[in-house]
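Listed below are the residues making up each chain.
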Amino acid sequence: MTYLLAKVGAWTLGRLKEMGRMFNFILYAFYICITSPGHPRHILKQISFIGAKSSLVVVLTACFTGMVLALQGYYTLAKFGSEGMLGVAVSLSLIRELGPVLTALMVTGRAGSAIAAEIGIMRISEQIDALETMALEPFKYLVAPKLIASIFVLPLLCAIFDVVGIWGGYLVGVELLGVNPGAYFGEMENSVQWKDIYSGLVKSGCFGVIIAWICCYRGYYTGHGAEGVSRATTTAVVTSSVLILVWDYFITSVLT
Amino acid sequence: MKNGKLNAIVGLFVLVGIICLAYLSIRLGRLELFDGEHYTIRADFDSVAGLKEGATVEIAGVQVGHVDRITLGPQNARARVYLALRREVRLQEDTIASVRTRGIIGDKVIVLKPGGSERLLGAGGAIRETEGAVDLEELISKYVHGQVE
């Protein structure tokens with residue numbers, strides 16, 4: 001009996017300790033970002049890696065998401081004879097939800113895993129220890145540029161996603177299914193508010209923090225050997241994807 | 001050389017991102033950075049049920065502005081709506097403003113019918129003649145109880 005209690009207690013303490021360590025990690029990372037954000041070149045490199053090189057996959061996802069939204073939305077709206085609202089349906093679901101979330105998930109899959117693996121391998125090949133021995137702050141070189149870059153890059157990717165998605169919806173809705181193009185854009189302009197766009201951008205900024213945070217953290221405290229890195233990469237992607245979806249709910253309920 | 005290529009890639013990406021952002025906010029969000037093109041007038045309605053801030057204001061089907069703000073009027077009895085209209089649109093003093101629905105379940109819009117008065121409404125002026133939103137339920141219940149004229 002006591003043994004069981006001790007087990008539960010140890011497990012809880014372990015989780016709490018981990019959460020505390022994660023929290024300290026992000027606080028310290030922000031502190032480093034503000035005090036010594038590192039060379040602009042490092043940040044530029046990360047923007048290119050996390051942002052520019054993810055844009056192809058984001059554009060592809062966006063295009064097909066917009067197209068399938070238009071297709072599904074059309075048949076539902078046609079039942080009520082309000083095909084003219086197709087633009088509203090596509091643009092609002094893209095701008096409010098799908099844009100930020102899908103962009104973040106794609107970036108997690110593409111760049112997040114790479115971040116975790118990169119930092120993890122530096123850890124097991126003792127490069128991080130080498131930096132520390134030389135009294136160089138590893139956060140300044142490894143974490144801060146990634147954090148800054150992903151906060152900056154995610155809203156931009158999200159904006160690209162929204163625009164491409166809306167045009168993908170246009171392609172299917174107007175060109176294939178024959179919705180009036182004036183209605184598609186006109187209704188959209190009437191219904192989309194600046195608040196919708198703003199909340200989408202705030203969301204994707206938050207997702208940027210989550211991606212950089214979780215992936216850097218998992219890599220930084222990786223286990224031993226190749227197996228440790230592989231586990232760190234997997235957990236990084238899984239944890240940040242789940243956190244993105246959970247956080248999305250809370251942020252939506254606060255912002256609206 | 002490699003340095004220049006990196007800069008170019010990042011520059012292109014940021015440029016495309018910002019263009020998309022600008023497109024979204026200006027075209028769809030109608031973010032007005034310098035609101036010098038509009039002036040506001042107010043109108044009191046008996047009911048603006050269903051009207052939202054940002055709804056269109058039109059004359060003869062042409063969009064001439066949007067609903068800026070909706071509040072309660074004095075004595076909390078009527079709804080006071082502030083309309084932001086484009087500068088070039090001049091309204092006569094006896095203009096009639098009414099809340100209308102576009103289609104059967106469409107958005108609520110404000111329709112203005114220009115009057116014949118010589119005097120024009122300036123910024124901060126008030127439209128006196130208004131028609132509130134037509135409550136479909138009330139209408140049906142009147143019909144059911146046989147009170148409709």
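No experiment lies behind these values; they were computed from the predicted model shown.

1. Remarks on the overall build of chain B
In step 1: The number of helices and strands found in chain B is two helices and 10 strands.
In step 2: Counting from the amino terminus, helix and strand elements in chain B follow one another as α-β-β-β-β-β-β-β-β-β-β-α.
In step 3: Across the 149 residues that make up chain B, the buried fraction comes to 21%.
In step 4: Residue pairs in contact within chain B that sit at least 24 positions apart in sequence constitute 62% of those at least 6 positions apart.

2. Here we look at the environment of A:Ala10
All names here are of chain A.
In step 1: The residue Ala-10 is located in helix H1 (residues 2–35) in this model.
In step 2: On the neighbour-count criterion, Ala-10 (10 C-beta atoms within 10 Å) is exposed.
In step 3: A C-alpha to C-alpha distance of 42 Å links Ala-10 and Leu-157, two positions 147 residues apart in sequence.

3. Focus on the interface of chain A and chain B
Bring the parts together and some accessible area is lost; that lost area is often taken as the interface size.
In step 1: On the chain B side, the residues contacting the 21 residues of chain A number 21 residues.
In step 2: Take the side of chain A that touches chain B: its biggest share by element is six residues, from helix H6 (residues 138–176) of chain A.
In step 3: Classifying every residue of the side of chain A that touches chain B by side-chain character gives 12 nonpolar, six polar and three charged.

4. Comments concerning the sheet that holds strand E1 (residues 38–45) of chain B
In step 1: Overall, mixed pairing links the eight strands, which are arranged E9-E1-E4-E3-E2-E7-E6-E10 (chain B) in an open sheet. Two strands lie at the open edges of the sheet, namely strand E9 (126–127) and strand E10 (129–131) of chain B, each paired on one side alone.

5. Some words on the domain arrangement of chain B
In step 1: Here the domain parsing of chain B yields domain 1 (1–31) and domain 2 (38–141).
In step 2: Inter-centroid distance (C-alpha atoms) of domain 1 of chain B to domain 2 of chain B is 39 Å.

6. Notes on the nonpolar core
In step 1: In terms of nonpolar packing, the biggest core is built from 76 residues, with A:Leu86, A:Leu157, A:Ile160, A:Ile211, A:Cys215 and A:Cys216 touching the most fellow members.
In step 2: Where this core is concerned, the elements lending two or more residues are helix H2 (40–51), helix H3 (55–79), helix H4 (86–124), H6, helix H7 (181–191), helix H8 (194–220) and helix H9 (225–255) of chain A together with helix H1 (2–28) of chain B.
In step 3: Considering every element that reaches this core, the biggest residue donor is H6(A), with 20 residues.
In step 4: The residues touching A:Leu157, leaving out its near neighbours within four places in the chain, are A:Gly51, A:Ser54, A:Ser55, A:Val58, A:Thr103, A:Val107 and B:Gly17.

7. Things to note about H3(A)
In step 1: With 25 residues, H3(A) should reach 36 Å at 1.5 Å per residue; the first-to-last C-alpha distance of 36 Å fits that figure.
In step 2: Of the residues one or two after H3(A), A:Gly81 is the one with positive phi, at around 65°.

8. Let's talk about H4(A)
In step 1: Where H4(A) bends most, at A:Leu94, the angle is about 55°.
In step 2: Looking one or two residues past H4(A), A:Glu126 carries a phi angle of roughly 60°, positive in sign.

The rules behind the values
Residues numbered from 1 in each chain as written. Chains lettered and ligands numbered in written order. Predicted model: local features only at pLDDT ≥ 70, side-chain atom pairs only at ≥ 80, totals over all residues. Helix = DSSP H or I, 4+ residues; strand = E, 2+ residues; numbered from the N terminus. Buried ≥ 20, exposed ≤ 12 C-beta atoms within 10 Å, placed from the backbone. Contact = placed C-beta atoms within 7 Å. Nonpolar A, V, L, I, M, F, W, Y, C, P; charged D, E, K, R; others polar. Pairing = 2+ DSSP bridges. Domains from an automatic or database assignment. Core = buried A, V, L, I, M, F, W, Y, C linked by C-beta atoms within 7 Å. Expected span 1.5 Å × (residues − 1). Bend = angle between axes of the 7 residues up to and from the residue.

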